[in-house]
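Structural description and commentary
Below, each chain spelled out in residue letters.
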Amino acid sequence: MLNKIKSLPLFYKIYFCCIIVFIILLSVTLFLLSSFISDYNKGIPETVSKQFFNDTFVKLDTGTLLEMSKIEPCEFETAGDIENSLKNILASNLTYTSVSSDGNEKKYIVKAGDYKCASFSLTPDKNGDYHPASLSLFLPKKASKVYKILDTSSLYINGKKVGDEYIISREEHISAKYLPENVKKPEWVLYSVDGLTKEPEATIVDRNGNAASFIEEDGILKEDIVYDPEETEIIDRIVKGAEQYAICMQDDAPKSSVYPYFERGTDLYSSISTVLNIFVWDHSSYAIEDEKVTEFFRYDENTVSLRVSFTHVLKMYGQEDYRDITDITYYARNVDGVYLIFARHNNI
């Protein structure tokens, strides 16, 4: 082959040499151009944004997401809770779109389906190459949870005690209207907790160490009070006073039978002594039915309350029985060793 090339005329020798040189130069040029284009593409917004979107969102790099967004869990959650929330949000159907930008900054939004879950921006360096600059996450948050508990109870969310800084208001317990000044009056305390990424586990520990449950009232989770252990002797006395009071009001017993159960000098005692039984249904006899005793509450060593309900049946002459439903909370205190009722309120 070499002998054939040597035997060629000079013109063809020069011609083939030029072709070889041209091919070499073209290859070098294409290589340099390809390298230049590759380097150029690496720094343009279209390439950088796509790469960042794939690496960070599609591949779910939670470390980068949390670090760049600077999102921190609320007091009652962990970084793991936020990561789990991100995994649920970014599970599928992710897209990103360029939006209106300011100057050289390029802005993008990220959607999971129709939900806008994040945004990020790119800015150029001194060489004009673009790099990720900022990232924001828009995590869906549960609606604020409002809890209503007694001031003597403690609220815990996900095992952590909720501090006073979460208190939004206080309300008087109904007993505050009836208890004397020297007795500490219970209060309802309302707590509001937000910033949670999932349904929290809320628990209550009451004044006696019991785990109370919640009842929902108008969107508020209210403590279902665990009342105190029944003290039979005191309860029996209050119930007897409640029955005698009802019987007396229907003119089936003298007022003298009621006085031993009520505290002299109180407004309630005075109202019993002055009431006139002129609107009593004419009846032949009576009965106490469906009696229930609940909500025994001890406020201090000398003061208690008790809810007593029953149906006071009046046997009418030649008519259907009259059934008077009674549901009253009585307040009593120790007076010289005997518990006397000093106030009451109707529950119906």
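Before reading on, note that the structure itself is shown above.
The structure presented is a predicted model; accordingly, all values stated were derived computationally and were not measured.

The strand order across the open sheet built from eight strands is E7-E6-E10-E11-E12-E5-E9-E8, with neighbouring strands paired in mixed fashion. In this open sheet, the two edge strands, each paired with only one partner strand, are strand E7 (160-161) and strand E8 (167-172). Across five bridges, E8 lies against strand E9 (residues 187-193) in antiparallel orientation. Each bridged residue has a counterpart across the sheet, and for Ser-169 the counterpart in E9 is Leu-190.

Looking now at the pattern of salt bridges. For the structure shown, the criterion picks out 15 salt bridges. Its salt-bridge partner being Arg-207, residue Asp-228 comes within 2.7 Å of it at the nearest N-O pair. Taken as a pair, Asp-228 in the loop between strand E12 (220-224) and helix H6 (232-249) and Arg-207 in the loop between strand E10 (202-205) and strand E11 (211-217) lie far apart in primary sequence, 21 residues in all. A relative accessible area of 26% means that Arg-207 is categorised as partly exposed. Its salt-bridge partner being Arg-298, residue Glu-231 comes within 2.8 Å of it at the nearest N-O pair. Of the two residues, Glu-231 is situated in the loop between E12 and H6 and Arg-298 in strand E13 (residues 283-298); the sequence distance between them amounts to 67 residues. Here Glu-231 falls in the partly exposed class, since its relative accessible area comes to 29%.

This brings us to the nonpolar core. If you look at the biggest cluster of nonpolar residues, it comprises 24 residues, and the most contacted ones within it are Ile-238, Phe-262, Val-304, Leu-306, Val-308, Tyr-330 and Ile-341. For this core, the secondary-structure elements that each account for two or more residues are H6, helix H7 (267-274), strand E14 (303-316), strand E15 (322-335) and strand E16 (338-346). Considering every element that reaches this core, the biggest residue donor is H6, with eight residues. Ranked by size, the runner-up nonpolar core spans 22 residues in total, among them Leu-66, Ile-82, Tyr-130 and Leu-137.

Take the environment of Ser-257 next. Relative to the elements of secondary structure, Ser-257 occurs in the loop between H6 and H7. As for Ser-257 and Ile-247, which are separated by ten residues in sequence, their C-alpha atoms are 9.7 Å apart. Of the polar contacts made by the side chain of Ser-257, one reaches the side chain of Gln-244; its length is 2.9 Å. There is a polar contact of 2.6 Å between the side chain of Ser-257 and the backbone oxygen of Pro-254.

With that settled, the discussion passes to the sheet that holds E13. The sheet built from four strands is open, its strands ordered E13-E14-E15-E16 with antiparallel pairing. Each edge of the sheet is formed by a strand with only one pairing partner; in this case those strands are E13 and E16. The average angle at which neighbouring strand axes cross in this sheet is 30°, direction not considered. When E15 meets E16, the two strands line up antiparallel, connected through eight bridges. Directly across from Asn-334, in E16, lies its bridge partner Tyr-339.

So, on to the packing of aromatic side chains. The full count for this structure, using the stated rule, is 17 aromatic pairs. Centre to centre, the rings of Tyr-227 and Phe-297 are 6.2 Å apart; their planes meet at 75°, and the pair counts as edge-to-face. With Tyr-227 in the loop between E12 and H6 and Phe-297 in strand E13, the pair connects residues that are 70 residues apart, well separated along the chain. Judged by its relative accessible area of 7%, Phe-297 falls in the buried class. Ring centres of Tyr-245 and Phe-262 lie 5.8 Å apart, and the angle between their planes is 35°; this geometry places the pair in the tilted category. Separated by 17 residues along the polypeptide, Tyr-245 in helix H6 and Phe-262 in the loop between H6 and H7 bring together distant segments of the chain.

Turning our attention to the environment of Asp-327. Within the secondary structure, Asp-327 sits in strand E15. Separated by 18 residues in the primary sequence, Asp-327 and His-345 place their C-alpha atoms 8.8 Å from one another. Asp-327 has contacts with Arg-307, Val-308, Ser-309, His-345, Asn-346, Asn-347 and Ile-348, leaving out every residue within four places of it along the chain. A polar contact is formed between the side chain of Asp-327 and the side chain of Arg-307, at a distance of 2.7 Å.

All right, on to helix H5 (residues 79-89) then. Within H5, burial applies to Asp-81, Ile-82, Ser-85, Leu-86 and Ile-89. What you see down the axis of H5 is that its buried residues fit within an arc of 140°, all on one side. Where H5 is buried, its residues meet helix H4 (62-69), strand E2 (106-112), strand E3 (115-124) and strand E4 (130-137).

What counts, and where the lines are drawn
- Residues numbered from 1 in each chain as written.
- Predicted model: local features only at pLDDT ≥ 70, side-chain atom pairs only at ≥ 80, totals over all residues.
- Heavy atoms only, no water.
- Pairing = 2+ DSSP bridges.
- Helix = DSSP H or I, 4+ residues; strand = E, 2+ residues; numbered from the N terminus.
- Salt bridge = Lys/Arg side-chain N within 4 Å of Asp/Glu carboxyl O.
- Buried < 20%, exposed > 50% of the residue type's maximum accessible area, 1.4 Å probe, protein only.
- Core = buried A, V, L, I, M, F, W, Y, C linked by side-chain atoms within 4.5 Å.
- Polar contact = N/O pair within 3.5 Å; in protein donor to acceptor, adjacent residues only side chain to side chain.
- Axes fitted to C-alpha atoms, helices over the stretch in contact; angles between N-to-C directions.
- Phe/Tyr/Trp six-rings, centres within 6.5 Å; stacked < 30°, edge-to-face > 60°.
- Contact = heavy atoms within 4.5 Å.
- Arc of directions from axis to C-beta.

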